[in-house]
Amino acid sequence: TLEHRAHYAHARRLCQRTDLAKRVIGVEFRLILRQEHAHEHCALEAQVDLVAWSGFHGRDGRSAYPSAVDTCLVLGIETSCDETAAAVVRADRATGHLHVLSSIAASQDELHAPYRGVVPEIASRAHLERIQPGIRRALADSGVTLGEIDAVAGGHRPGLIGSLLVGTSAAKAIAWSRGIPLLGVDHVGAHLVAALLDSEPCRFPAIGLVASGGHSSLFAMTGPVELELLGATIDDAAGEAFDKAAA
């Protein structure tokens, strides 16, 4: 469309300024231009590009994984389905502890209740309204300023493509503007690591079980983010039962 061509022309002008801008804008506009035609391809491209982009070095030369510091403050953003979540976590390299300084989640239950299920378009629009207030509250509750954040982590797969786009766009904007690393987080793998928050570090190798919704899976873990899928259920009843009980 004319609107898409205008956006793309503007993106090309921005891309000429810096290589980093080219990579950031390229992800956004591949998503927008392909979303109308192939949702599956759109989601896959978002995954690949975000993983590649998470390895960049910030404008100050810092690596995507700030390993030269004793502690690291991470702003987490998650919008994979129908909850807008933000949190600040302090990682202690010496002990391996992960301390949750704040955790905010805005529910959309009242918006989807009339439809007896999550409506992707409604979820995406609600994320747009709630993402900025959620991030601000997470920072305020943690007592940490945006300038003190060392890295931004954003959930980028799997999930509803429109919902994911809101959270990843916010995460990329903050990371790029602050010149700090952006880390792509697998939604299912994050379920396993969440169990390590505010608890004693896990001894690896380990076996991890995820039973949540349609993602009941068994993993071999050699580290917090080194996962090998051993098997997954076809029937998601076990995960659905856990979700209903937790709610």
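What you see is a predicted model; the values in this text were computed from it and never measured.

Caption draft 1: Representation of the sheet that holds strand β8 (residues 227-232) in the model. In spatial order, the strands read β6-β7-β8; together these three strands make up an open sheet with antiparallel pairing. The strands lining the two open edges of the sheet, one partner per strand, are β6 (206-210) and β8. Between one strand axis and the next, the sheet turns through 25° on average, direction left out of account. In the sheet, strand β7 (residues 217-221) pairs with β8 via five bridges, with the strands oriented antiparallel. Note that in β8 the partner of Ser217 across the bridge is Ala232.

Caption draft 2: Fine view of the sheet that holds strand β1 (residues 71-78). Read across the sheet, five strands follow the order β3-β2-β1-β4-β5 without closing on themselves; strand pairing throughout is mixed. Each end of this open sheet is capped by a strand with a single partner; those strands are β3 (98-107) and β5 (182-186). Averaged over all pairs of adjacent strands, the angle between their axes in this sheet comes to 20°, without regard to strand direction. Judged from the four bridges that link them, β1 and strand β4 (residues 151-157) form a sheet pairing that is parallel. Paired with Val74 across the two strands is Ala151, which belongs to β4. Here helix α5 (residues 120-142) sits on the sheet and contacts β1, β2 (83-92) and β3; the angle it forms with β2, its principal contact strand, is near 30°. Docked against the sheet, helix α6 (residues 161-178) engages β1, β4 and β5, running at close to 160° with respect to β4.

Analysis parameters
- Residues numbered from 1 in each chain as written.
- Predicted model: local features only at pLDDT ≥ 70, side-chain atom pairs only at ≥ 80, totals over all residues.
- Heavy atoms only, no water.
- Pairing = 2+ DSSP bridges.
- Helix = DSSP H or I, 4+ residues; strand = E, 2+ residues; numbered from the N terminus.
- Axes fitted to C-alpha atoms, helices over the stretch in contact; angles between N-to-C directions.
- Contact = heavy atoms within 4.5 Å.

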